[in-house]
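Each chain is listed here by its residues.
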Amino acid sequence: MKEIDSLNTPEPEEYVYVRERAVMETLIQRIGTAQRVALDTEADSLHNYFEKVCLVQLSLGGEHYLVDPLCGLDLNGLLKTLADKPLILHGGDYDLRMMRASMGFRPRREVFDTMIVAQLLGFEQIGLAALIERYFDITIGKAGQKSDWSRRPLSENQLRYAVNDTRFLEPLADRMLGELSARGRVDWQRESCRAMVESSERDHARDPENAWRIKGAGRLTRRQLAYLRELWRWRDQHARSANLPAFRVLGNQEILGLVRWAESHPGVPLHQGPKLPRNIVRAQLTTLEEAIARVAGMDETEWPDLRQRDHDASRNDCIEEINSLRTACAQIARELGIAASTLAPRAALEAIARSRPRTVDEIMKTGGLLCWQAELVQGAVEKCLQSTQ
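Residues numbered from 1 in each chain as written. Predicted model: local features only at pLDDT ≥ 70, side-chain atom pairs only at ≥ 80, totals over all residues. Heavy atoms only, no water.

Caption draft 1: Main features of the overall build of the protein. Across its full length, the protein carries 18 helices and eight strands. On the principal axes, the C-alpha backbone points of the protein span a range of 65 × 65 × 40 Å. Counting all 389 residues of the protein, 47% fall into the buried class. Within the protein, counting contacts between residues at least 6 apart in sequence, those at least 24 apart form 70% of the total. For the protein, the exposed area adds up to about 20,300 Å²; of that, 47% sits on carbon and sulfur atoms. (Helix = DSSP H or I, 4+ residues; strand = E, 2+ residues; numbered from the N terminus. Buried < 20%, exposed > 50% of the residue type's maximum accessible area, 1.4 Å probe, protein only. Contact = heavy atoms within 4.5 Å. Areas by Shrake-Rupley, 256 points an atom, 1.4 Å probe, with all protein chains shown as cover.)

The structure is reproduced here in structure tokens:
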């Protein structure tokens, strides 16, 4: 097997690093004449609280460009030209969301997402590296995944890594589109990719009243939830002020451990408690102790309520129908050679079982499914639910 390690071998592919106006103008002209463009981005979410796009990778017609959006270049011409071209991405939801937030970018032409296509073809391994190995017998390195892309200058190793994220996408899309066509699933791809783009254009605002309810919160008591809320807010404040991702201040599991300790050790000094990250010292340590003390003195009426799912009771009332529908849809998915969750997520089937829709449109509205999904599960819905009405 041929191996291309983007950090430890000679440069696998020529590229142009775009940091000057003249080079940018050349790139804009090239995009203008291209039939399609492969696109990827690198952001700094692993290193900064306020994340942003730090590099834009573009491949078109065998040419590869790395655009530095932090060097002060005017990107308006590039973004306008790029928006009018069909795009190829892999796992493009995050990239498009970040480009919209950082640059106001919205694609106006069709998008082909190779990760979505891999799911529609029933592949178990849907990562880009796995697809490149599957189709081209090439192994690419992953050592740049955790780089701090906001720091300058970027190293040659980082740039080589970044090129690999788009250099294979055009031939990969061609091969995968051929398989989709052979299986009659091109319409699935178009609808699924269109839905992904539409989702990326919607704001998913964080609910300030419930953002602190991290995974594991559902197993806590009301008093423990009060500690969790206060500690989460403490962490968020310090992460913001230091412009660090929250996990680099205090991880979720560390917060949950501290919650349980604080509840069971009222009045005990924090230095006698669980081991804290080395970065929590002086002012941070003092404010953390104050957060714990606030909860210790909090009246029970101020504790958060346990959050109950609105549909818990109705789900229990129709558990037989839910299980029957899940079994039927799992069989359909097996026959199609795709994952059951690709056909219809569990939450969608539960919503459908509770509402008992009859038509494809009703199934789409009730379960949040796409048209191709609703059409495939309609027979199972009729068989499993309407017979019990």
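Having seen it, we continue.
Caption draft 2: Fine view of the packing of helix α1 (residues 21-33) against helix α2 (residues 76-83). Look at α1 against α2: their axes get within 9 Å of each other, and the N-to-C directions meet at 10 degrees. As far as their axial angle goes, α2 and α1 are roughly parallel. Contacts between α1 and α2 involve Met24, Leu27, Ile28, Ile31 and Gly32 from the first element and Gly77, Leu78, Thr81 and Leu82 from the second. When its residues are assigned to classes, the contact of α1 with α2 shows six nonpolar, three polar and no charged. (Axes fitted to C-alpha atoms, helices over the stretch in contact; angles between N-to-C directions. Parallel < 35°, antiparallel > 145°, perpendicular 65-115°, else oblique. Nonpolar A, V, L, I, M, F, W, Y, C, P; charged D, E, K, R; others polar.)

Caption draft 3: Looking closely at helix α17 (residues 360-367). Listed in full, the buried residues belonging to α17 are Val360, Ile363 and Gly367. One side of α17 carries all its buried residues, which in axial view fall inside an arc of 60 degrees. Seen from the buried face of α17, the exposed residues on the opposite side, beyond 90 degrees, are Asp361 and Lys365. Along its buried surface, α17 packs onto α16 (346-355) and α18 (371-384). Just downstream of α17 lies glycine 368, where phi reads positive at about 70 degrees. (Arc of directions from axis to C-beta.)

Caption draft 4: How the structure looks around the sheet that holds strand β7 (residues 111-113). Taken in spatial order, the six strands of this open sheet run β2-β5-β4-β3-β6-β7, and their pairing is mixed. With partners counted over all chains shown, the strands left at the sheet margins are β2 (16-18) and β7, one partner each. Between one strand axis and the next, the sheet turns by 25 degrees as a mean value, whatever way the strands run. The pairing of β2 with strand β5 (residues 63-67) spans three bridges and is classified as parallel. Looking at β5, one finds that tyrosine 17 is bridged to leucine 66. (Pairing = 2+ DSSP bridges.)

Caption draft 5: Quick look at the pattern of salt bridges. Summed over all chains, the structure comprises 18 salt bridges. Ionic pairing is found between aspartate 44 and lysine 52, a salt bridge with its closest N-O pair at 2.6 Å. Residue aspartate 44 is classed as buried on the basis of its relative accessible area of 0%. Judged by its relative accessible area of 29%, lysine 52 is partly exposed. The residue aspartate 187 makes a salt bridge to arginine 190 at a minimum N-O spacing of 3.8 Å. (Salt bridge = Lys/Arg side-chain N within 4 Å of Asp/Glu carboxyl O.)

Caption draft 6: Quick peek at the side chain of aspartate 44. Mapping aspartate 44 onto the fold places it in the loop between β3 (37-43) and β4 (53-60). Among the polar contacts listed, one links the side chain of aspartate 44 to the side chain of lysine 52, at a separation of 2.6 Å. The residues touching aspartate 44, leaving out its near neighbours within four places in the chain, are Phe50, Glu51, Lys52, Cys54, Asp148 and Ser150. (Polar contact = N/O pair within 3.5 Å; in protein donor to acceptor, adjacent residues only side chain to side chain.)

Caption draft 7: View of the nonpolar core. Residues Leu58 and Met176 are the most contacted members of the largest nonpolar core, which totals 79 residues. Of all the elements, α18 adds the most residues to this core, at six residues. Once residues lying within four places of it in the same chain are set aside, the contact partners of methionine 176 are Phe112, Thr114, Val117, Ala118, Leu121, Phe123, Leu131 and Tyr135. Counting residues in each nonpolar core, the second largest holds 30 residues, with Ile255, Ala262, Ile280 and Leu288 among its members. (Core = buried A, V, L, I, M, F, W, Y, C linked by side-chain atoms within 4.5 Å.)

Caption draft 8: Geometry of the layout of surface pockets. By volume, the largest pocket is sized at about 620 Å³. In terms of lining, the largest pocket is formed by 26 residues, of which the most central are Asp40, Thr41, Glu42, Tyr161 and Asp165. Listing elements by their share of the lining of the largest pocket, those giving two or more residues are β3, α3 (92-103), α5 (128-136) and α6 (156-167). Class assignment of the residues belonging to the lining of the largest pocket gives a composition of ten nonpolar, ten polar and six charged. (1 Å grid on protein atoms, 1.4 Å probe; cavity = no way out; pocket = protein on both sides within 12 Å on 5 of 7 lines; lining within 4 Å. Points joined across faces, edges and corners; volume = space filled by probe spheres on them.)

Caption draft 9: How the structure looks around the environment of glycine 62. Relative to the helices and strands, glycine 62 resides in the loop between β4 and β5. What makes glycine 62 exposed here is its relative accessible area of 51%. In this structure, the C-alpha to C-alpha distance between glycine 62 and tyrosine 15, residues 47 residues apart in sequence, is 9.8 Å. Leave out the neighbours within four places in its chain, and glycine 62 touches Glu13 and Glu170.

By themselves, these observations are geometric and do not establish any function.
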